[in-house]
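Read off the chains here:
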Amino acid sequence: MNVRSSKVIYDGKYEVEFDTECLFGLLENLGIEDKGAAEVLAETILCYAADSTQNAYKVYDYVARGRGIEKFAVSMRIKRAIDAAEQNGQLKFIDCYIPGTYYDYDYGYTNKELITIVKDYLVDTGRIRVKKL
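Residues numbered from 1 in each chain as written. Predicted model: local features only at pLDDT ≥ 70, side-chain atom pairs only at ≥ 80, totals over all residues. Heavy atoms only, no water.

K.L.:
How do you make sense of the pattern of salt bridges when you look at a structure like this?
P.N.:
If charged atoms from side chains of opposite charge come close, those side chains can pair. This structure, assessed with the given rule, holds 9 salt bridges. We note a salt bridge from Asp83 to Lys79, for which the minimum N-O separation is 3.4 Å. Of the two residues, Asp83 and Lys79 are both situated in helix 4 (residues 71-87); the distance of 4 residues between them amounts to about one turn of the helix. You can call Asp83 partly exposed: its relative accessible area is 32%. Judged by its relative accessible area of 28%, Lys79 is partly exposed. (Salt bridge = Lys/Arg side-chain N within 4 Å of Asp/Glu carboxyl O. Helix = DSSP H or I, 4+ residues; strand = E, 2+ residues; numbered from the N terminus. Buried < 20%, exposed > 50% of the residue type's maximum accessible area, 1.4 Å probe, protein only.)

K.L.:
In this structure, what is going on with the nonpolar core? I would like to understand it.
P.N.:
Across soluble globular proteins, you tend to see nonpolar side chains buried next to one another. In terms of nonpolar packing, the biggest core is built from 45 residues, with Leu23, Leu91 and Val118 touching the most fellow members. Sorting the residues of this core by element identifies strand 1 (7-10), strand 2 (14-18), helix 1 (20-29), helix 2 (35-50), helix 3 (56-67), helix 4 and helix 6 (111-124) as the ones contributing at least two each. No other element matches the 11 residues that helix 2 contributes to this core. With residues up to four places along the chain from it excluded, the contact list for Val118 reads Leu23, Leu26, Leu30, Ile45 and Ile98. (Core = buried A, V, L, I, M, F, W, Y, C linked by side-chain atoms within 4.5 Å. Contact = heavy atoms within 4.5 Å.)

K.L.:
What exactly am I supposed to notice about the packing of helix 4 against helix 6 here?
P.N.:
Packed helix pairs are characterised by how far apart their axes lie and by the angle those axes make with each other. At a minimum axis separation of 10 Å, helix 4 and helix 6 run at an interaxial angle of 80 degrees. Put simply, helix 4 runs roughly perpendicular to helix 6. Contacts between helix 4 and helix 6 involve Ser75, Ile78, Lys79 and Ile82 from the former and Asn111, Leu114 and Ile115 from the latter. For the contact of helix 4 with helix 6, a count of residues per class yields 4 nonpolar, 2 polar and 1 charged. (Axes fitted to C-alpha atoms, helices over the stretch in contact; angles between N-to-C directions. Parallel < 35°, antiparallel > 145°, perpendicular 65-115°, else oblique. Nonpolar A, V, L, I, M, F, W, Y, C, P; charged D, E, K, R; others polar.)

K.L.:
When you look at the environment of Asp104 in this model, what are you seeing that I'm missing?
P.N.:
Along the chain, the position of Asp104 falls in the loop between helix 5 (94-97) and helix 6. Once the C-alpha coordinates of Asp104 and Lys92 are considered, the two residues, 12 residues apart in sequence, prove to be 8.2 Å apart. Within polar-contact distance, the side chain of Asp104 engages the backbone nitrogen of Tyr107 at 3.3 Å. (Polar contact = N/O pair within 3.5 Å; in protein donor to acceptor, adjacent residues only side chain to side chain.)

Pasting the structure below:
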């Protein structure tokens, strides 16, 4: 899956069109600074957008197979990126970029929570569009 293009095919069943600049710009604004982690996170968001009923391990496994890494490496890259965004303070301003969202100062975000928040915002604003093949 090439997340730098504006259209990808997920699992041979879904065509996902998306605004590349908006997706990666949003991740950067939220404090996801590592480019590799941003690509893994973006790919995971697009996979969830295609089929949000699936569990995290299926998505992580799909992303990992496409990148030739272990599925737990996908999970850890995303978690480290979220932790770094929390440490640099940018994630705390999530409400500036995604209206109606707030940062939980006590617990932060889990991988799935942040993925779902970003996915829902981009789908709701028409920046991610999914078509079943």
